[in-house]
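Coordinate analysis (summary)
Residue-level listing of the chains:
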Amino acid sequence: MPLTPIVRFGGAEHVEQLRASVRSWLADNLPDEFRRTAANPDYLPREGHERAVRFCRELHAQGWFVPHWPAKFEGGGLGVVEQVVIREELAYAGAPLVNTNGVNMLAPVLFRFGTPEQQQEHLPLIARSERMWAQGYSEPEAGSDLASLRMTARRDGDHYVLNGQKTWTSNGVLADWIFVLARTSPVSGKRQQGISFFLVDLSSPGITRRPIRSMTGYPTFAEEFFDDVRVPAKNLVGAEGDGWKVAKALLNAERSNVTRAAQAQRFLDELVDWCHAQRGKPHDPLADPTNRLALARAVERVEVGRILSYRIAHLQAAGSLDPTLPSLSKLYHSELTAELRALGAQILGPAGALMPDDPEAVLHGHFSDGLLLSLLHTIGGGTSEIQRDLISTSGLGLPR
């Protein structure tokens, strides 16, 4: 079932022509192995990740990997409408978009806070999928309460010396570089003060990296130990002590969730098509009114999620984004992902527990594998509880 736009962005003919072009190109060029997987390519074993990188370089040659970036940084030079259409089609088809930390999180920060030298050094390499990035925020005692981080950065001439530990590092196994938050001055008032944002080459002396394997079996995370790691002062993004402001801008850029909305539509469509194919068989899930009601609710929830993503993307492009909306979108899509995967596993019955590598797996194991992965989304990047706090205090003005 092809992805159908639920909102027409003014009905421009060239937009629908672009959608058709992307869809046609994917039909000819997207390897089947990626159509069948529900995994983020940054979580794949190295061989699979390298194949995903090759695909993304082909996508870049079409101008569709970072379509909304300026051409001088090897982007496609397109607008937000075209970006949304391209990202929707890629996500719905299962195209592997590598380096999400670099593309979706770091790049918007560099466009806003980076020096011209930082932009020129890093952005073209991200566009060409030649430099993979990890996110170095969480620490053993600082996850959702990020302001309690303990990593220190001491100025020493033309360098900063970093000491401390990062953990639950997204894409930490395969990354070449990492962006980190570190404390450049002791706590003297608000804990958010005195934190700075650095770009760090993971091959720097003094860094020890250890993989953390998730319950799915993927090498999803890593932890890193920094022992007197010297980082050039030119790798500081923004002013010293402004790291919290930079970090908040990064999380806002992360949370439009256009891609996750399209993925939700794909998984729902797969599940509905499978249910229709079971009509008249001994296991007919649509014969149960409870399943029919649950699927109807899922249709409603998925469409609301896509509209929310469209709204945030437009407001981001216009520079008028309500700071509460990214938290709302993150909360909504994290929980929607978990709901859909749980619903699929329930409707599939015993087959819903089979992992992708099982020959008897149904729908390529998307729902069993995805159910495990979905647990990450309600925790990683800020727990659902933290998002609700932000929405209630910043958005609704409720007391803390």
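Here, the structure is the one placed above.
Keep in mind that this is a model prediction, so the values were computed, not measured. Along each chain, residues carry numbers from 1 onward, in the same order as the chain's sequence is written. Whole-chain, interface and lining totals are the exception, using all residues; otherwise, since this is a predicted model, local features are given only for residues with pLDDT of at least 70 and side-chain atom pairs are given and counted only at 80 or more. Only hydrogens and water are set aside; all other atoms, that is, all heavy atoms of the structure, feed into the side-chain values.

Remarks on the packing of aromatic side chains
Here the aromatic set is Phe, Tyr and Trp, taking the six-membered ring for Trp, and pairing holds for ring centres within 6.5 Å; pairs whose planes are under 30 degrees apart are stacked, those over 60 apart are edge-to-face, and all others are tilted. Here the structure, examined in full by the defined rule, presents 11 aromatic pairs. Arranged with centres 5.9 Å apart and planes meeting at 90°, the rings of Trp 25 and Trp 64 form a pair that is edge-to-face. Here the residue Trp 25 occupies a position in helix H1 (residues 13-29), and Trp 64 occupies one in the loop between helix H3 (46-61) and helix H4 (80-93), the gap between them amounting to 39 residues. Three labels apply to residues, based on accessible area from a 1.4 Å probe with only protein chains included: buried if under 20% of the type maximum, exposed if over 50%, partly exposed otherwise in between. Overall, Trp 64 belongs to the buried group, its relative accessible area being 10%. Between Trp 69 and Phe 111, the ring centres sit 5.4 Å apart and the planes meet at 85°, which makes this aromatic pair edge-to-face. Numbering of helices and strands runs from the N terminus; a helix is a DSSP stretch of H or I covering at least four residues, while a strand is a stretch of E covering at least two.

Remarks on H4
One less than the number of residues in a helix, times 1.5 Å, gives the span that helix is expected to have. Helix length check: H4, at 14 residues, gives a terminal C-alpha distance of 20 Å against a target of 20 Å (1.5 Å per residue), a fit within 8%. Along H4, 14 of the 14 residues are buried, which leaves the element largely enclosed by surrounding structure. Directly beyond the C-terminal end of H4, a positive phi value near 95° is found at Gly 94.

Looking at the nonpolar core
Nine residue types can take part in a nonpolar core, namely buried Ala, Val, Leu, Ile, Met, Phe, Trp, Tyr and Cys, and a core is a set of them joined through side-chain atoms within 4.5 Å. In this structure, Leu 26, Phe 179, Phe 197 and Leu 199 are the most contacted members of the largest nonpolar core, which totals 50 residues. The element contributing the most residues to this core is helix H5 (residues 100-113), with seven residues. For the domains described, the bounds stem from an automatic or database domain assignment. Residue contributions to this core reach at least three from each of two domains, namely domain 1 (11-97) and domain 2 (132-242). Excluding anything up to four places from it in sequence, Leu 199 contacts Leu 106, Leu 110, His 122, Trp 133, Trp 177, Ile 178, Phe 179, Val 231, Asn 235 and Val 237. When checking whether two residues touch, look at their non-hydrogen atoms; a contact exists if any pair is within 4.5 Å.

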